[in-house]
Amino acid sequence: MDSRVSELFGGCCRPGGGPAVGGTLKARGAGGGSSCGGPKGKKKNGRNRGSKANNPPYLPPEAEDGNIEYKLKLVNPSQYRFEHLVTQMKWRLQEGRGEAVYQIGVEDNGLLVGLAEEEMRASLKTLHRMAEKVGADITILREREVDYDSDTPRKITEVLVRKVPDNQQFLDLRVAVLGNVDSGKSTLLGVLTQGELDNGRGRARLNLFRHLHEIQSGRTSSISFEILGFNSKGEVVNYSDSRTAEEICESSSKMITFIDLAGHHKYLHTTIFGLTSYCPDCALLLVSANTGIAGTTREHLGLALALKVPFFIVVSKVDLCAKTTVERTVRQLERVLKQPGCHKVPMLVTSEDDAVTAAQQFAQSPNITPIFTLSSVSGESLDLLKVFLNILPPLTNSKEQEELMQQLTEFQVDEIYTVPEVGTVVGGTLSSGICREGDQLVVGPTDDGCFLELRVCSIQRNRSACRVLRAGQAATLALGDFDRALLRKGMVMVSPEMNPTICSVFEAEIVLLFHATTFRRGFQVTVHVGNVRQTAVVEKIHAKDKLRTGEKAVVRFRFLKHPEYLKVGAKLLFREGVTKGIGHVTDVQAIAAGEAQANMGF
């Protein structure tokens, strides 16, 4: 992590912003696949065409892995060739975890050749047969004409192929929603999930609030979850045509779960907990067009960078501003994104073609940052955001997912409820392994460092029943009559075979992002590691007496209340007032059950 990200936490940003890493990215054709692993059937080499009068347009060469496939044409293949193409489609769908993009009329080396209308029609017919064979659906994303040394019109067609994996109910993507207070986060989510525009006075957000004081103040203070579905044809499925969340899940092949986080500075600890514990795939940073980068916007941007969460930006309330004001806000964002601490390439999305390109490039490069300008009242450019979310592929590859599923079960406890006639229920994320109904697990650590046995009675995902939970998925687990008083946020539920280790003392390599004076031994901070959130004291700073903003060191911390379950290599973020730092755990001093109270100084 570049220590210069500390500028985002420590005050104002220089207007010049430092050297740019590139201008605003204009819409371009989608490139090769993402860097996943796995072999693929060998394909013929792209033909090497000679030089033409016009410079031929190119895409990046096709990648052997990833979920993007180039095909020059698919006209009347033999039965053997057809079976090979079907196998190839299965591989691309596996790489994209249920989604693949086919570029028809493109050679393997990326040359945009294009096809005449009759050849394109035959190729799409073959692609449709291939999709039917594997049980997938296809949607044409866009068509582009290629004007390149040809008297007859030639086109490139980009097609989305989607198939829900056999072991899943739907494709799932988690998006954390960040931004300053009053920037319109809850209103935007209300418009997307309820299917009705806002009236300009916050009507759309009322269904999202969880507490009376949130309704009265209009400000989110807790973490809430909202869902938006897309069917196999890319059409939106939300509460406008479905009464319950279960109906939305049944009608959708892809689900976007929005994690609505607080924007006010006094609820910053809740926002950090949401980012560290719920493991979002990406983040949506909302910026009000009439105020620009204000309040906690810069801090939320810094948190996303520090935790390496990919993000895109939505500029809201454009209906309240003149066009020049919106353009000024966009230029301000571009300057900040190009700063040395960010190193992002902004991409302004102004058309459906831009939205398709932005979704594909956002998944392929962590430096691309799409920017949308929209209104939740007039609905301006709202469809562009929906197109982006529909096409946005999973940002983790299938190989990583398979490796996590092979490990022992580990479920992070983030929320605890008591439900009438159900009993104790916990919510959280399965970080590794597989969890099924009826599984026997252990939960802990308790204050004395013990792990207690329990049984998973039932599972729900997105408010609908689910029998099997896989690594990376969030859910709620019913635990029957297990005593709620024995549970707390920050615990883990793991397989008994794991023999989990706990600690009250650990060491971490940190970067001090911001501190007003000097960071010394004895300083107390709130430490966030995954779903763990607890106050710890600095016991020792190795090789140094004190730290200043931007400096690195290995620091030993001791938890003040109770031991926690930590793993070496886990990302760490700590804060206290304006003091903030990031790092990763390098060592844990494991303690046995029963020794916890002695080690905590009790």
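Since the structure is predicted, the reported quantities are computational estimates derived from the model, not experimental observations.

Caption draft 1: Layout of the overall build of the protein. Regarding its fold elements, the protein presents twelve helices and 30 strands. Looking at the protein as a whole, 55% of its 602 residues are labelled buried. Restricting to contacts in the protein with at least 6 residues of sequence separation, those with at least 24 account for 73%. Carbon and sulfur atoms form 48% of the exposed surface of the protein, whose accessible area is close to 25,600 Å².

Caption draft 2: The confidence of the model for the protein, seen in detail. Across the protein, the average pLDDT comes to 84, with 85% of residues at or above 70. In the model, residues 11-54 has pLDDT below 50 throughout and makes 112 contacts with residues more than four positions away in sequence or in other chains.

Caption draft 3: Representation of the sheet that holds strand E22 (residues 492-494) in the model. Here we have eight strands laid out as an open sheet, ordered E17-E16-E22-E13-E14-E21-E18-E19, and antiparallel in their pairing. Both edges of this open sheet fall to strand E17 (452-455) and strand E19 (464-466), since each of them pairs with a single strand only. Averaged over all adjacent pairs, the angle separating strand axes in this sheet is 40°, with direction ignored. The pairing of strand E16 (residues 440-444) with E22 spans three bridges and is antiparallel. Each residue of the ladder has a partner; that of Val442, found in E22, is Val494.

Caption draft 4: Representation of helix H6 (residues 268-277) within the structure. Of all ten residues in H6, nine are buried, a share of seventy percent or more. All of the buried residues in H6 are Leu268, Thr270, Thr271, Ile272, Phe273, Gly274, Leu275, Thr276 and Ser277. Backbone geometry just after H6 places Cys279 at a positive phi near 50°.

Caption draft 5: Inspection of the pattern of salt bridges at higher detail. Considering all chains together, one arrives at 20 salt bridges under this definition. Linking Arg162 and Glu99 is a salt bridge whose minimum nitrogen-to-oxygen distance equals 2.7 Å. In this pair, Arg162 sits in strand E4 (residues 155-162) while Glu99 sits in strand E2 (residues 99-104), placing the two residues 63 residues apart along the sequence. Each member of the pair, Arg162 as well as Glu99, is classed as buried. Salt bridges sharing partners connect three or more residues here, namely Glu62, Glu69, Lys71 and Arg92.

Caption draft 6: Local environment of the pairing of strand E29 (residues 571-576). The pairing of strand E25 (residues 524-529) with E29 spans three bridges and is classified as antiparallel. Within E29, the residue paired with Val527 across the bridge is Phe574. As judged from the six bridges shared by E29 and strand E30 (residues 579-591), these two strands associate in the antiparallel manner. Pairing of Glu576 across the sheet is with Thr579, part of E30. Linkage of E29 to E30, two consecutive antiparallel strands, is achieved through a turn of two residues, within which Gly577 is found at a positive phi near 65°.

Caption draft 7: The arrangement of the packing of aromatic side chains in detail. Scanning the model with the defined rule gives twelve aromatic pairs in all. Seen from their ring centres, Phe506 and Phe559 are 5.1 Å apart, and the 35° between their planes marks the pair as tilted. Placement of Phe506 in strand E23 (residues 502-514) and of Phe559 in strand E28 (residues 552-559) is noted, with a sequence separation of 53 residues between them. The same class applies to Phe506 as to Phe559, namely buried. A connected cluster of aromatic rings, assembled from ring pairs, spans Phe506, Phe519, Phe523, Phe557, Phe559 and Phe574. Stacked on the ring of Phe82, the Lys or Arg Arg129 has its end atom at 4.3 Å from the ring centre. In this structure, Arg533 packs its charged tip against the face of Phe273, placed 4.7 Å from the ring centre.

Caption draft 8: Geometry of the sheet that holds strand E5 (residues 171-179). An order of E7-E6-E8-E5-E9-E10-E12-E11 is seen for the eight strands of this open sheet, with the pairing classed as mixed. At either margin of the open sheet sits one strand with a lone partner, and together these are strand E7 (236-237) and strand E11 (345-348). Summarising the sheet, strand E10 (residues 311-316) and strand E12 (residues 368-373) pair through three bridges and their orientation is parallel. Paired with Val315 across the two strands is Thr373, which belongs to E12.

Caption draft 9: Representation of the environment of Thr357. Following the sequence through the fold, Thr357 ends up in helix H9 (residues 352-364). Taking the C-alpha atoms as reference points, Thr357 and Phe388, separated by 31 residues in sequence, lie 8.7 Å from one another. Polar contacts involving the side chain of Thr357 include one to the main-chain carbonyl oxygen of Asp353, which spans 3.1 Å.

Caption draft 10: Inspection of H9 at higher detail. Between its terminal C-alpha atoms H9 stretches 19 Å, which fits the 18 Å expected from 13 residues at 1.5 Å a residue. Within H9, burial applies to Asp354, Ala355, Val356, Thr357, Ala358, Ala359, Gln360, Gln361 and Phe362.

Caption draft 11: Spotlight on the pairing of E5. The buried count for E5 comes to nine of nine residues, which makes it a mostly enclosed element. Every second residue of E5 is oriented toward a common face, with Leu171, Leu173, Val175, Val177 and Gly179 on one face and Asp172, Arg174, Ala176 and Leu178 on the other, all of them buried. The sheet contact formed by E5 and strand E8 (residues 254-260) spans seven bridges and is parallel. Bridge pairing in E8 links Arg174 to Thr257.

Caption draft 12: Seen up close, the side chain of Lys580. Locating Lys580 in the fold gives a position in strand E30. Using a relative accessible area of 4% as the deciding quantity, one classes Lys580 as buried. In this structure the side chain of Lys580 is engaged in a polar contact, spanning 3.3 Å, whose partner is the backbone oxygen of Gly577.

Caption draft 13: Up close: the packing of H6 against helix H7 (residues 297-306). Packing of H6 against H7 leaves a shortest axis separation of 11 Å and a crossing angle of 25°. Comparing the axis directions of H6 and H7 gives the class roughly parallel. Where H6 crosses over H7, the handedness of that crossing is right-handed. For the pair H6 and H7, contact is made by Leu268, Thr271, Ile272 and Leu275 and by Glu299, His300 and Leu303, respectively.

Caption draft 14: The nonpolar core, seen in detail. Leu188, Phe258, Phe312, Val314, Leu385, Phe388 and Leu389 are the most contacted members of the largest nonpolar core, which totals 45 residues. For this core, the leading source of residues is helix H10 (residues 382-391), giving seven residues. Residues contacting Leu188, with those up to four places away along its chain left out, are Leu284, Leu286, Val314, Leu374, Ser376, Leu382 and Leu385. In terms of nonpolar packing, the next biggest core, distinct from the first, is built from 38 residues, Ile293, Ile313, Val336 and Leu337 among them.

Analysis parameters
- Residues numbered from 1 in each chain as written.
- Predicted model: local features only at pLDDT ≥ 70, side-chain atom pairs only at ≥ 80, totals over all residues.
- Heavy atoms only, no water.
- Helix = DSSP H or I, 4+ residues; strand = E, 2+ residues; numbered from the N terminus.
- Buried < 20%, exposed > 50% of the residue type's maximum accessible area, 1.4 Å probe, protein only.
- Contact = heavy atoms within 4.5 Å.
- Areas by Shrake-Rupley, 256 points an atom, 1.4 Å probe, with all protein chains shown as cover.
- pLDDT = per-residue confidence, 0-100.
- Pairing = 2+ DSSP bridges.
- Axes fitted to C-alpha atoms, helices over the stretch in contact; angles between N-to-C directions.
- Salt bridge = Lys/Arg side-chain N within 4 Å of Asp/Glu carboxyl O.
- Phe/Tyr/Trp six-rings, centres within 6.5 Å; stacked < 30°, edge-to-face > 60°.
- Lys NZ or Arg CZ within 6 Å of the ring centre and 35° of its normal.
- Polar contact = N/O pair within 3.5 Å; in protein donor to acceptor, adjacent residues only side chain to side chain.
- Expected span 1.5 Å × (residues − 1).
- Parallel < 35°, antiparallel > 145°, perpendicular 65-115°, else oblique.
- Left-handed = near helix turned anticlockwise from the far one by under 90°.
- Core = buried A, V, L, I, M, F, W, Y, C linked by side-chain atoms within 4.5 Å.

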